[in-house]
Amino acid sequence: MLTLHPREERRRIQEPCLLCSSESLPVTTGVIVNESATGMLVETTRLLETGRQIWILPAYHKQPRPESWTPYELIHHPLTRTGVVVRLEGGNRAGIQFLEDQERPLYRRWFRGQTTVTGFFFKNQGVLAFTGPLTIEAASLVEKIISQANGITELLLACHQIDQIQRTAFTVLLSSLQTYEKKGIALTVVTGPVSTAYFQRSPVLPGSFIFPVFATEPAGPAVDPLKNGIAHKAAAGSQGILLIARGQTTLNRLEKPLRNQEMPVWKLQGFGNALKLIAAGQARFLVVDIDVESCGTIVQLNELKNTPLDPLPPVLAIGPGYLAALVKEALYLPVRVYLSKPTTEHEYANAIQTMLSETANGPKPIKP
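Here goes a summary of the coordinates provided. Just so it is clear, the model here is predicted, and its values are computed rather than measured.

**A word on the sheet that holds strand β3 (residues 39-44)**
So, point 1. Taken in spatial order, the six strands line up as β1-β2-β3-β6-β5-β4 and close into a barrel, and their pairing is antiparallel. Along the sheet, successive strands turn relative to each other by an average axial angle of 45°, direction set aside.
So, point 2. Alignment of strand β1 (residues 11-20) against strand β4 (residues 53-58), held across four bridges, turns out to be antiparallel. The residue of β4 that forms the bridge with Leu18 is Leu57.

Here it is, written out as structure tokens:
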């Protein structure tokens, strides 16, 4: 597992979070004032004690709802950070030092100037995602992270959110990837508008999978659901279930357990087409089928940050297991359930039932 560096850059982020300090105490809200790869400063209304263990989950939307979480769910969420209170500031702020548990996933964020490197490691699999420019400092950091990630045999490197690349930094990164490819680490690199050209001009990773996602378009013609009659049942203000996938066959499969449901069910090929329905408050929840090719387009849903939605519709996501952390980190809408492919019809039907029963003022359960 990863060994953290003793000194790391700290960044002020003011990010909402959920936290609990015991399995017997309720989940409460807080704000991550600043964070580094070794710890964070948290502000909360709950009185914390020095030396007390604490579990902190960053919120993926701006209105965390602690009443919808149990302490058990929060403690065992894969992106929850475990730490110990090492100092108190002003009565409502606590300095947290991260603890490492070899039995649970390790989720960390490193900051280098304007660059954020997000890491998720569990047993022999890892994900590293870049946001911002690729600088020499960030590339050197990734080299150190990978070199200390003991036992990693599969690594997904998400470069699609890199917005600028320094040539020297790319050379350092490429050299590191070559080294670890030779050691037998299976590499998958997801590229975007800026990084694709660099990797295409440097075909020196023969054993790795390089996949550009920025140019991927949804299958089928673009459709405006509010103008083409797809949402005609919602005109009277009713809410429905929104299914999003790349292909019609997948959409038909996702619709199967919902065919007897007394509410609208919309099937759309492409995330951009879903924005109007969601922004109009007509989606009770979303079912989203995700593959590597659609990773670059799901971020279209983040345009909903500019809409006054309350509450935000939750998401039932279905995708590769190694993309779960990346999707939850990148998506503005809350991912309530993530099913790892391949999934059975029974597992999917149970997940749908969970979404129906846990949605506030939701519809009646699916009819048999």
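**A word on the nonpolar core**
So, point 1. Ranked by internal contacts, the top residues of the largest apolar core, which has 48 residues, are Leu242, Ile278, Leu286, Val327 and Leu333.
So, point 2. Considering each element in turn, this core owes the most residues, four residues, to helix α8 (residues 324-330).
So, point 3. The contacts of Leu333, once residues within four sequence positions are left out, are Ile278, Leu286, Leu304, Leu312, Pro313 and Val315.

**Section: the pattern of salt bridges**
So, point 1. Taken as a whole and assessed by the stated rule, the structure comprises eleven salt bridges.
So, point 2. For Glu15, the salt bridge identified is with Arg109, shortest N-O distance 2.7 Å. Of this pair, Glu15 sits in strand β1 while Arg109 sits in strand β7 (residues 106-112), placing them 94 residues apart in sequence.
So, point 3. For Glu15, a relative accessible area of 17% gives the class buried.
So, point 4. On the basis of relative accessibility, which here comes to 6%, the residue Arg109 falls in the buried class.

**Regarding unusual backbone geometry**
So, point 1. Of the consecutive residues Lys341 and Pro342, the connecting peptide bond is found in the cis state with omega at -5°.
So, point 2. Secondary-structure assignment places Pro342 in the loop between β18 (335-340) and α9 (345-358).
So, point 3. In the Ramachandran plot, Gln14 falls in the positive-phi region, its phi being about 50° despite a non-glycine side chain.
So, point 4. One can find Gln14 in strand β1.
So, point 5. Owing to a relative accessible area of 41%, Gln14 belongs among the partly exposed residues under this scheme.
So, point 6. Phi is positive for Lys123, close to 55°, though the residue is something other than glycine.
So, point 7. Inspection of the secondary structure puts Lys123 in the loop between β8 (115-122) and β9 (125-134).
So, point 8. In this structure Lys123 comes out as exposed when scored by relative accessible area, which is 57%.

Basis of the calculations
- Residues numbered from 1 in each chain as written.
- Predicted model: local features only at pLDDT ≥ 70, side-chain atom pairs only at ≥ 80, totals over all residues.
- Heavy atoms only, no water.
- Pairing = 2+ DSSP bridges.
- Helix = DSSP H or I, 4+ residues; strand = E, 2+ residues; numbered from the N terminus.
- Axes fitted to C-alpha atoms, helices over the stretch in contact; angles between N-to-C directions.
- Core = buried A, V, L, I, M, F, W, Y, C linked by side-chain atoms within 4.5 Å.
- Buried < 20%, exposed > 50% of the residue type's maximum accessible area, 1.4 Å probe, protein only.
- Contact = heavy atoms within 4.5 Å.
- Salt bridge = Lys/Arg side-chain N within 4 Å of Asp/Glu carboxyl O.

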